[in-house]
Amino acid sequence: QAFESELGAQAPLGFYDPLGFLDRADQETFDRLRYVELKHGRISQLAFVGNLFTRAGNHLPGDINYEGQSFASFPNGLAAINGPDSISSSGLLQIFAFIAFLEIRVMTDVTGDSEFRGDFRNGFDFGWDKQTEEWKMQKRAVELNQGRAAMMGILGLMVHEQLGGSLPIVGEM
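Residues numbered from 1 in each chain as written. Predicted model: local features only at pLDDT ≥ 70, side-chain atom pairs only at ≥ 80, totals over all residues. Heavy atoms only, no water.

Take the pattern of salt bridges next. Applying the stated criterion to the full structure yields 11 salt bridges. For the salt bridge of Asp129 with Arg121, the shortest nitrogen-to-oxygen distance reads 3.2 Å. Classification of Asp129 by relative accessible area gives partly exposed; the value is 47%. Linked through salt bridges whose partners overlap, the residues forming this network are Glu115, Asp119, Arg121, Asp125, Asp129, Glu133 and Lys136. (Salt bridge = Lys/Arg side-chain N within 4 Å of Asp/Glu carboxyl O. Buried < 20%, exposed > 50% of the residue type's maximum accessible area, 1.4 Å probe, protein only.)

Going from Ala11 to Pro12, the amide bond is cis rather than trans, its omega being 5°. On the secondary structure map, Pro12 appears in the segment before α1 (27-55). (Helix = DSSP H or I, 4+ residues; strand = E, 2+ residues; numbered from the N terminus.)

Let us look at α1. Counted at 1.5 Å a residue, the expected span for α1 with its 29 residues is 42 Å, and the 42 Å between its end C-alpha atoms agrees. Within α1, the full set of buried residues consists of Phe30, Arg34, Tyr35, Leu38, Gly41, Ser44, Asn51 and Arg55. In the stretch just after α1, Gly57 is the one whose phi turns positive, near 95°. (Expected span 1.5 Å × (residues − 1).)

Geometrically, a packed helix pair is captured by the angle between its two axes and the distance between the axes. Direction vectors running N to C along α1 and helix α3 (residues 133-163) enclose 50°, while the axes themselves pass 7 Å from each other. In terms of orientation, α1 lies oblique with respect to α3. α1 and α3 meet at a crossing whose hand is left-handed. (Axes fitted to C-alpha atoms, helices over the stretch in contact; angles between N-to-C directions. Parallel < 35°, antiparallel > 145°, perpendicular 65-115°, else oblique. Left-handed = near helix turned anticlockwise from the far one by under 90°.)

All right, on to the layout of surface pockets then. A volume near 1,900 Å³ is recorded for the largest pocket. Along the wall of the largest pocket there are 42 residues; nearest its centre are Ala47, Ile81, Ile87, Ile95 and Ile99. Elements that contribute at least two residues to the lining of the largest pocket include exactly α1, α2 (89-106) and α3. Counted by class, the lining of the largest pocket contains 24 nonpolar, 13 polar and five charged residues. Roughly 800 Å³ of volume is contained in the second largest pocket. Surrounding the second largest pocket, 27 residues form its lining, Tyr16, Asp17, Arg34, Glu37 and Arg148 being those nearest its centre. Breaking the lining of the second largest pocket down by element, the ones donating at least two residues are α1 and α3. (1 Å grid on protein atoms, 1.4 Å probe; cavity = no way out; pocket = protein on both sides within 12 Å on 5 of 7 lines; lining within 4 Å. Points joined across faces, edges and corners; volume = space filled by probe spheres on them. Nonpolar A, V, L, I, M, F, W, Y, C, P; charged D, E, K, R; others polar.)

Printed below as a string of structure tokens:
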């Protein structure tokens, strides 16, 4: 494989491509798939923590619509978007429109100065440029692994929600 030394090929699995997506891939294809993995990992981290946060009883204050329904009046997890007490279609449309706005206008490399795909600092430096290359690669590897764990974590929470029952820390599904 041509990508065995890329970031993310780490112990204990090393380079892991069980479905052979990269068998005939070039560097551009690999970079695109790595960017998609990074993005899905970031979204999964937000989803996992958000799921735990709302299941702990924390909700935004106030009403979600003009009919006076509070954020806390909607169920947690998948039931919030699919079910008898779910958010309305117009509410979901607004959420997807906001996500599209973020995707198109905010989560992009505005300045063109990114070091790698997924680097969205856009002129803001929080000390990244002062660090060594080894430190940067280690932090990128940590983010990649945390994203992979979060993808499995949110998938597990969604499966358990559909199965029902109770989980430690999370509580009643």
